[in-house]
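Coordinate inspection notes
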Amino acid sequence: MAYASAFRRVLSGSSTPSPIFRSQFAWIRHNSTLPTLTSPKLFISGISKNTTDESLFNAFAPYGRLLDAKVIMDRMSGKPKGFGFITYETVEEAEKAREEMNAKYLDGWVIFVDPARPREPPPPPRQPPQQDLHLNPKPTESLFAPNRTLGWSG
DNA sequence: GTTGAGCGTT
């Protein structure tokens, strides 16, 4: 996502969002993953270090009923990682929130709303290429079977 | 204590 850092560099100093940039963000929507969401979970990236769970919640609250809003902090260092997750009640609300809040301002930073990846991939849509190792081939009975009829006994 | 790519503690 090169556009993310590009817009951040342009907009990091300005505090007032200019309407000019809204037209600039149009192509992002066009370029973004427009197909319907499959999960009410959203991955919010590019959030400010001032953004907390509460301000994230308040920012996305008008677009649906939020079940959860978390700003991910590094548990080792305690510093915010700069992204978070929100969970709506339905995918329609998440869809609306993405349309309304993608590439918008939150605490002076342009945030990006994307569908969150499942933390536990439950259904693999394709089975992994399992190589079929025939470690136990059928026993070759007669290959090494001694021919008793030709014994030394004469 | 560098200025930002990314998918979370259970």
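Scroll up for the structure.
A few points on the structure. On a predicted model such as this, the values are computed, not experimentally measured, just so you know. (Residues numbered from 1 in each chain as written. Chains lettered and ligands numbered in written order. Predicted model: local features only at pLDDT ≥ 70, side-chain atom pairs only at ≥ 80, totals over all residues. Heavy atoms only, no water.)

So, about the overall build of chain A. When you go through chain A residue by residue, the secondary structure sums to 5 helices and 5 strands. Along chain A, helices and strands appear, N-terminal first, in the series α-α-α-β-α-β-β-α-β-β. A total of 154 residues make up chain A; the buried ones form 28% of that total. For chain A, restricting intrachain contacts to residue pairs at least 6 apart in sequence, the fraction spanning at least 24 positions comes to 67%. Total accessible area on chain A stands at roughly 11,700 Å², and carbon and sulfur atoms take up 56% of it. (Helix = DSSP H or I, 4+ residues; strand = E, 2+ residues; numbered from the N terminus. Buried < 20%, exposed > 50% of the residue type's maximum accessible area, 1.4 Å probe, protein only. Contact = heavy atoms within 4.5 Å. Areas by Shrake-Rupley, 256 points an atom, 1.4 Å probe, with all protein chains shown as cover.)

With that out of the way, let us pick up the nonpolar core. In this structure, L42, I44, L56, F60, I86, Y88 and I111 are the most contacted members of the largest nonpolar core, which totals 18 residues. At the level of elements, β1 (41–45), α4 (53–60), β2 (66–73), β3 (80–88), α5 (91–101) and β5 (109–115) are the ones that each hand at least two residues to this core. Not counting the four nearest positions on each side in its chain, L42 is found in contact with L37, G84, F85, I86, Y88, A94, A97, R98, V113, D114, P115 and A116. (Core = buried A, V, L, I, M, F, W, Y, C linked by side-chain atoms within 4.5 Å.)

Our focus in this paragraph is the environment of T36. Tracing the chain through its elements places T36 in the loop between α3 (26–31) and β1. Looking at T36, the relative accessible area reads 61%, which means it is exposed. Along the backbone, T36 and E95 are 59 residues apart, and their C-alpha atoms lie at a distance of 7.2 Å.

So, on to the sheet that holds strand β4 (residues 104–106). The strand order β2-β3-β1-β5-β4 describes an open sheet built from 5 strands, whose pairing is antiparallel. The strands lining the two open edges of the sheet, one partner per strand, are β2 and β4. Adjacent strand axes in the sheet meet at a mean angle of 35° when their direction is disregarded. In terms of strand pairing, β1 meets β3 through 5 bridges, oriented antiparallel. Bridging from a neighbouring strand, K41 pairs with T87 of β3. (Pairing = 2+ DSSP bridges. Axes fitted to C-alpha atoms, helices over the stretch in contact; angles between N-to-C directions.)

Scope: geometric values only; no functional claims are made or implied.
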